[in-house]
Amino acid sequence: MKFYITLAVIIALQACNKDETPTYAPPEVADVNVDFYLTTPDEANLLTPTTTGIFPLGTNSNFTINVSESTVYQEMDGFGYALTGGSAMLMNNMSSSSRSALIQELFGSGENSIGISYLRISIGASDLDATTFSYNDLPSGQTDVNLDNFSLNPDMANLIPVLNEILAINPSIKILATPWSAPTWMKTNNATIGGELLPQYYDTYADYFVKYIEAMAAQGITIEAITIQNEPENPYNNPSMVMSAEQQKSFVRDYLGPKFQTENVATKIILFDHNLDHPEYPISIMNDAAAKSYVDGSAFHLYAGQISNMSLVHNAHPDKNVYFTEQWIQAPGDYYADLRWHVRELMVGAPRNWSKNVIQWNLAADSNNNPHTDGGCTECLGAITIDGNSVQRNPGYYIIGHASKFVPAGAVRIESNTSSEFPNVAYKTPDDKIVVIVLNNSDVQSALNINAGEEPITVTMPAGAVATFVW
């Protein structure tokens, strides 16, 4: 009996081997003509060119991002950082060869550069300068309504030389300039912290802006735009100055706007420059037709409020622009949390809500988060940490780099559908490339499809990763 059972098994196995064993084609592996750059929270990939995990689109049930080039939104002005006086000092103290290499990496257009295209600088000191100063500081009790003592001298040592080195690499970079405070003799409290601009100096302060723009032009530096006051609702920083919406409206409508017009100043005037919890601040100013006529748009931070409030401001005045001008990363930095939040809220969220740029705070600090003023930010992590000639690249470097390297000024945002798991934003560049920036906003590795250009793809992204794709 055992013999017949064994024989039957042998015959059955032979039959299966000859005719009945199912055969399957091997998985299709094909090259795709799409560039794929990946950053992962574990730092194993940091803006890394990647060829694994990406395939031509096949039949599957993945979420699909559909990109439409025919639906166009705002033109982008660029991506970058605040070049604080402290950042410039650290860079200027490097050896000339180390500084030159760093500037090329940050602002150049080569394969190893991240192509920063927008900078924010301070008019006078910010809190990330070593000391407070304006361009017209006087002994207590003195005034200078004709601004005879105006001088850029405090910035001649570091900021202006570094800016000129940057402009030699990227002469078309856009520069936004912002005061943290008026000269103290123009203020109600005669102090660098808090206080308000005295009404009798509104005209003088408008002249101060004009003199600044003209003096920077004489140094070869074009100021693309100014905001009137950094964080006008924050009286606690050093320096700082409070300015209500009514005060800012009066200053723009009756003094600064007409002065720019009379002096043929082409620099754009941008309102507010503070948190998105108060979108009514710039809206109320632009509701005044005379004030609005001098204004290019409004600028925002996201220490409070919702990024979607940028769309509220855009929708209230769709003929005016919106900008995202500041967000810090708290030292020592957390790649997992920082990468996810900043990409989702800022790099994706701000442009999807009409922002023409994204600027992070700030470019550089040392390993002790210096320099800063007495009362300034003590935990602001630079995009890079500079100690002597040593440079460490921090989360902010890669967060901005995923856009600045691939999306130049003049690119336009185009339509793409989105989801909570895969927040994304799409662009068409001036040289007709399609760029899609995607975050895997989940805690598991996930696959998705991107239907863009002539080569739709399927790609697998690690948990919390951000990727840039270029067609």
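Residues numbered from 1 in each chain as written. Predicted model: local features only at pLDDT ≥ 70, side-chain atom pairs only at ≥ 80, totals over all residues. Heavy atoms only, no water.

1. Section: the pattern of salt bridges
Definition in use: Counted as salt bridges are all cases of a side-chain nitrogen of Lys or Arg within 4 Å of a carboxyl oxygen of Asp or Glu. Helix and strand definitions follow DSSP, with helices as H or I runs of at least four residues and strands as E runs of at least two, each counted in order from the N terminus. Relative accessibility decides the category of a residue: with a 1.4 Å probe and only protein chains considered, values under 20% of the type maximum give buried, values over 50% give exposed, and everything between is partly exposed.
In this structure the tally under the stated criterion is 15 salt bridges. Across the pair Asp273 and Arg120 runs a salt bridge, and its minimum N-O distance is 2.9 Å. Taken as a pair, Asp273 in strand E9 (residues 268–276) and Arg120 in strand E6 (residues 118–123) lie far apart in primary sequence, 153 residues in all. Accessibility assignment for this pair places Asp273 and Arg120 in one class, buried. The residue Glu345 makes a salt bridge to Arg344 at a minimum N-O spacing of 2.9 Å. Owing to a relative accessible area of 18%, Glu345 belongs among the buried residues under this scheme.

2. Topic: the packing of helix H6 (residues 202–218) against helix H7 (residues 245–262)
To keep things clear, this is the line we draw: What counts as an axis is a line fitted to C-alpha atoms, over the stretch in contact for a helix, and the angles between N-to-C directions run from 0 to 180 degrees. Angles below 35 degrees are treated as roughly parallel, those above 145 as roughly antiparallel, those between 65 and 115 as roughly perpendicular, and all remaining angles as oblique. Crossing chirality is assigned from the near helix's rotation relative to the far helix, an anticlockwise turn below a right angle marking it left-handed and a clockwise turn marking it right-handed. Residues are treated as being in contact if the distance between any of their heavy atoms lies within 4.5 Å. Residue polarity is assigned by list, with Asp, Glu, Lys and Arg as charged and Ala, Val, Leu, Ile, Met, Phe, Trp, Tyr, Cys and Pro as nonpolar; anything else, Gly included, falls into the polar class.
The N-to-C vectors of H6 and H7 enclose an angle of 50°; their axes lie 9 Å apart at closest approach. Viewed along their axes, H6 and H7 adopt a mutual orientation that is oblique. Here H6 runs over H7; the crossing is right-handed. Each of Tyr202, Asp203, Tyr205, Ala206, Asp207, Phe209, Val210 and Ile213 in H6 lies in contact with H7, whose residues at this interface are Gln247, Ser250, Phe251, Tyr255, Leu256, Lys259 and Phe260. Partitioned by chemical class, the residues of the contact of H6 with H7 number 10 nonpolar, two polar and three charged.

3. A few points about the side chain of His342
The criterion, for reference: N or O atoms closer than or at 3.5 Å make up a polar contact, with two conditions inside protein: a donor-capable atom paired with an acceptor-capable one, and, for residues adjacent in sequence, both atoms drawn from side chains.
Note on placement: His342 falls in helix H11 (residues 335–352). Side chain to side chain, His342 and Gln360 meet in a polar contact 2.8 Å long. Setting aside anything within four residues of it in sequence, one finds His342 in contact with Gln327, Trp328, Ile329, Met347, Gln360 and Ile399.

4. Some points on the packing of aromatic side chains
Here is the rule: Aromatic contacts are taken between Phe, Tyr and Trp rings whose centres are within 6.5 Å, Trp giving its six-membered ring; a plane angle under 30 degrees counts as stacked, one over 60 as edge-to-face, and the others as tilted. Here, a charge over a ring means that NZ of Lys or CZ of Arg falls within 6 Å of the ring centre while also lying within 35 degrees of the ring normal.
For the structure shown, the criterion picks out 23 aromatic pairs. Ring centres of Phe469 and Trp471 lie 6.3 Å apart, and the angle between their planes is 45°; this geometry places the pair in the tilted category. Residue class for Phe469 comes out buried when judged on its relative accessible area of 0%. An aromatic cluster is present here, built from Phe133, Tyr135, Phe150, Tyr202, Tyr205, Tyr208, Phe209, Tyr212, Phe251 and Tyr255 joined pairwise through their rings. Directly above the aromatic system of Tyr397 lies the positively charged group of Arg393, at a separation of 6.0 Å from the ring centroid. The ring of Tyr73 is capped by Arg413, whose NZ or CZ atom sits 4.0 Å from the centre of that ring.

5. Here we look at the environment of Glu415
With respect to the helices, strands and loops of the structure, Glu415 is situated in strand E16 (residues 412–416). A relative accessible area of 25% places Glu415 in the partly exposed class. A C-alpha to C-alpha distance of 41 Å links Glu415 and Thr262, two positions 153 residues apart in sequence. Apart from residues lying up to four places away in sequence, Glu415 is in contact with Asn66, Val67, Ser68, Thr71 and Tyr73.

6. Considering the packing of helix H3 (residues 96–107) against helix H5 (residues 159–169)
When two helices pack together, their arrangement is given by the angle between the helix axes and by the axis-to-axis distance. One can describe the packing of H3 onto H5 by two numbers: an axis separation of 10 Å at closest approach and a directional angle of 55°. Comparing their axes, H5 and H3 come out oblique. The handedness of the crossing between H3 and H5 comes out as right-handed. Across from Arg99, Ile103, Gln104 and Phe107 in H3, the residues of H5 making contact are Glu165, Ile166 and Ile169. Taken together, the residues of the contact of H3 with H5 sort by class into four nonpolar, one polar and two charged.

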